[in-house]
Amino acid sequence: MKDFMFGAMRQILRGLAPRKILLLKRVEKTYLGSKACRESRCFQGLRNNTNMTTVIEFKNVVKSFEGKSVIDGMSFSVNQGETFCVIGGSGTGKSVTLKLLLGLLPVDAGEVYFKEQLINDLDELKLNRIRQSFGMVFQGSALFDSMTVFENVAYPLYELNKYNDEEIERIVREKLAVVDLVDTEDLYPADLSGGMRKRIGVARALATDPQVILYDEPTAGLDPANVNRIDHLILNLQKRFAVTSILVTHNMESVYRVADRVALLHNKKIGYVGTLKDFQNTANVLVRQFVDGELGAE
Ligand SMILES: Nc1ncnc2c1ncn2[C@@H]1O[C@H](COP(=O)(O)OP(=O)(O)O)[C@@H](O)[C@H]1O
Ligand SMILES: [Mg+2]
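Cut-offs and rules
- Residues numbered from 1 in each chain as written.
- Chains lettered and ligands numbered in written order.
- Predicted model: local features only at pLDDT ≥ 70, side-chain atom pairs only at ≥ 80, totals over all residues.
- Near = placed C-beta within 6 Å.
- Helix = DSSP H or I, 4+ residues; strand = E, 2+ residues; numbered from the N terminus.
- Nonpolar A, V, L, I, M, F, W, Y, C, P; charged D, E, K, R; others polar.
- Expected span 1.5 Å × (residues − 1).
- Buried ≥ 20, exposed ≤ 12 C-beta atoms within 10 Å, placed from the backbone.
- Arc of directions from axis to C-beta.
- Axes fitted to C-alpha atoms, helices over the stretch in contact; angles between N-to-C directions.
- Left-handed = near helix turned anticlockwise from the far one by under 90°.
- Contact = placed C-beta atoms within 7 Å.
- Pairing = 2+ DSSP bridges.
- Parallel < 35°, antiparallel > 145°, perpendicular 65-115°, else oblique.

Draft legend 1. Local environment of the site of ligand 1. Contacts to ligand 1 come from F65, V70, G88, S90, G91, T92, G93, K94, S95 and V96. With three residues, helix α5 (residues 94–101) is the largest single contributor of residues to the shell around ligand 1. The residue makeup of the shell around ligand 1, split by class, is three nonpolar, six polar and one charged.

Draft legend 2. Helix α8 (residues 165–178), seen in detail. If you check α8, its first and last C-alpha atoms are 20 Å apart, about what 14 residues at 1.5 Å a residue would give, namely 20 Å. Buried within α8 are the following residues: I171, V172, K175 and L176. Buried residues in α8, looked at end-on, bunch into an arc of 130 degrees, giving them a common side. In α8, the exposed residues that point more than 90 degrees away from the buried face are E166, E167, R170 and A177.

Draft legend 3. Local environment of the environment of I168. Take I168: it is sitting in helix α8. Along the backbone, I168 and L157 are eleven residues apart, and their C-alpha atoms lie at a distance of 6.9 Å.

Draft legend 4. Examining the packing of helix α7 (residues 149–160) against helix α9 (residues 194–206) more closely. Direction vectors running N to C along α7 and α9 enclose 35 degrees, while the axes themselves pass 7 Å from each other. Here the hand of the crossing between α7 and α9 comes out right-handed. Here V149, N152, V153, Y155 and P156 of α7 come into contact with α9, specifically with I200, A203 and R204. Split by residue class, the contact of α7 with α9 holds six nonpolar, one polar and one charged.

Draft legend 5. Here's a closer look at the environment of V255. Mapped onto the fold, V255 is located in helix α11 (residues 252–258). Residues V255 and L276, 21 residues apart in the sequence, show an inter-C-alpha distance of 8.1 Å. When residues no more than four places from it in sequence are discounted, the contact partners of V255 are C85, I87, T249 and V262.

Draft legend 6. Examining the sheet that holds strand β7 (residues 212–216) more closely. Reading across from one edge, β6-β7-β8-β3-β9-β10 is the order of the six strands in this open sheet, with mixed pairing throughout. Sheet topology places β6 (134–137) and β10 (269–275) at the edges, where each strand pairs with a single neighbour. Strand-to-strand twist of the sheet, defined as the mean angle between neighbouring strand axes without regard to direction, takes the value 15 degrees. Bridging between β6 and β7 involves four bridges; their strand directions are parallel. Each residue of the ladder has a partner; that of F134, found in β7, is V212. Across the sheet, α9 touches β6 and β7, and the angle it forms with β6 is around 165 degrees.

Draft legend 7. Quick peek at the sheet that holds strand β2 (residues 68–79). Read across the sheet, four strands follow the order β2-β1-β4-β5 without closing on themselves; strand pairing throughout is antiparallel. Across the chains shown, the open sheet's two edge strands, defined by having one partner strand only, are β2 and β5 (117–118). In this sheet, β2 lies alongside strand β1 (residues 54–65) in antiparallel orientation, the contact comprising nine bridges. Among the inter-strand pairings, T54 is bridged to a residue of β2, identified as N79. Helix-sheet contacts for α5 involve β1, β2 and β4 (109–114), and the interaxial angle to β1 is about 115 degrees.

Draft legend 8. Structural view of the packing of α9 against helix α10 (residues 224–241). Contact pair α9 / α10: the axes reach a minimum separation of 10 Å and the direction vectors enclose 15 degrees. Regarding the angle of α9 to α10, the classification is roughly parallel. Relative to α10, the crossing made by α9 is right-handed. Contacts between α9 and α10 involve G194, G195, K198, R199 and V202 from the first element and N226, R229, I230 and L233 from the second. Residue composition of the contact of α9 with α10, grouped by class: three nonpolar, three polar and three charged.

Worth remembering: the numbers are spatial, not functional.
Here it is, written out as structure tokens:
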């Protein structure tokens with residue numbers, strides 16, 4: 001109902017003074033990040049829909065490095081539009097899982113699908129086409145220190161080689177507005193706070209309008225206020241652009257705020273997967289041990 005009201009209000013306010021529209025946008029932004037929004041019918045519809053399309057699927061994936069087994073028989077699937085949280089101890093293979101999905105690392109055995117297309121056998125050219133559907137927020141932001149904010153966000157666009165300078169400028173401004181960092185184009189990463197750097201990392205991941213966003217520990221090292229801000233950004237992107245997200249995180253507060261489903265990586269495979277509600281209520285020993293901090297690094 002509230003979602004409908006905001007839509008209707010926006011229609012009515014069309015044609016009014018820009019300042020009033022700005023005010024409405026602020027109200028809407030606050031609402032989008034609020035508990036009321038998450039509990040709205042629109043959101044519940046997404047959460048309760050059991051007929052969702054599978055976007056990503058891992059089937060019995062195996063990966064080792066120089067004889068050291070890291071992933072052995074990993075299977076899971078991610079639904080269209082959901083935020084799928086992956087948790088697990090340090091060194092359990094969370095980042096490796098994201099890299100396998102992007103084809104940045106080859107699998108030893110098993111299958112990785114994106115929209116029913118088997119991607120682990122594709123050549124680099126075809127993989128690059130698939131990668132355009134993904135935005136990656138790397139662990140530790142991974143911004144280029146010698147480049148300005150503008151150049152960092154524009155980087156994936158230059159790589160695509162299909163936009164002119166004007167278009168790139170427009171897209172960069174648009175993405176910086178999404179992460180609430182307008183007018184930072186000429187700054188360098190060193191000029192920004194940790195939280196701002198993470199948000200620039202998100203803006204860069206958004207540059208190519210991805211269908212899927214992969215976040216690798218996007219709140220690591222941030223204070224609670226900035227963690228909260230990134231979490232709300234993740235929620236807003238899901239709500240505004242209907243993106244599918246995989247979030248790797250250590251932060252249980254983030255899991256409770258943004259997850260639709262939660263997967264626990266343990267013993268080289270998915271040890272548990274369930275909805276957020278199930279995760280919060282389950283008696284599963286692995287989950288309870290992890291939440292209580294009794295499952296250490298592998
Ligand atoms: N490129 C690589 N070469 C060799 N070992 C790697 C490589 N990438 C990851 N590993 C190893 O795989 C394991 C899982 O790593 P990672 O996925 O980064 O863990 P995390 O769950 O903390 O993200 C670790 O033991 C790590 O040392
Ligand atoms: Mg990692």
